[in-house]
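Here is how the chains run, residue by residue.
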Amino acid sequence: QVQLVESGGGTVQAGGSLRLTCTGSGRTISPYAMGWFRQAPGKERTFVAAISWSGQTTYYEDFVKGRFTISRDHAKNAVYLQMDSLKPEDTAVYNCAAVGGQYIVDPPTSPDLYDDWGRGTQVTVSS
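Residues numbered from 1 in each chain as written. Predicted model: local features only at pLDDT ≥ 70, side-chain atom pairs only at ≥ 80, totals over all residues. Heavy atoms only, no water.

A. Structural context of the pairing of strand E8 (residues 78-83). In terms of burial, E8 is a largely internal element, five of the six residues being buried. Note that strand E3 (residues 18-25) and E8 share six bridges and pair antiparallel. By the bridge assignment, Arg19 is partnered in E8 with Gln82. As defined by bridge partners, strand E7 (residues 68-73) adjoins E8 across six bridges and the pair is classed as antiparallel. Across the sheet, Phe68 pairs through a bridge with Met83, a residue of E8. (Buried < 20%, exposed > 50% of the residue type's maximum accessible area, 1.4 Å probe, protein only. Helix = DSSP H or I, 4+ residues; strand = E, 2+ residues; numbered from the N terminus. Pairing = 2+ DSSP bridges.)

B. Layout of the pattern of salt bridges. Within this structure, the stated rule accounts for three salt bridges. Notably, a salt bridge pairs Arg38 with Asp90, separated by 2.9 Å at the nearest N-O pair. Within this pair, whereas Arg38 is found in strand E4 (residues 33-39), its partner Asp90 is found in the loop between E8 and strand E9 (92-99), the two being separated by 52 residues in sequence. The buried category is assigned to Arg38, whose relative accessible area is 9%. A relative accessible area of 0% means that Asp90 is categorised as buried. Across the salt bridge formed by Asp62 and Lys65, the nearest N and O atoms sit 3.2 Å from each other. Comparing Asp62 with Lys65 shows no difference in burial state: the two are exposed. Taken together, the salt bridges that share partners define one network made up of Arg38, Arg67 and Asp90. (Salt bridge = Lys/Arg side-chain N within 4 Å of Asp/Glu carboxyl O.)

Structure (structure tokens):
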């Protein structure tokens, strides 16, 4: 089990940018594929982006393609979500998650397949 901690959330105006960071606490996250998910009030948790353990494979939800970028830095034990051109519809709690085993090369988009989760960071985009 790996403990994950998210940071970088906040309030920004529409069109602005934020960079979320997910770090592993006390344990390396390098062997895991990582995902970002979000949950808006009254809605289900949805997939945002995922990255393989090597960083070579990435996936994005259609609504964020071209605006968000997922990346990772093994030396810093961190995964990032760069969010540009933010829209009010991006307002949500953002969680990072880790998955190992057969999924490290081709990360899943279903939250049900991820093993470990951070507590989340709030992103609010005002119009």
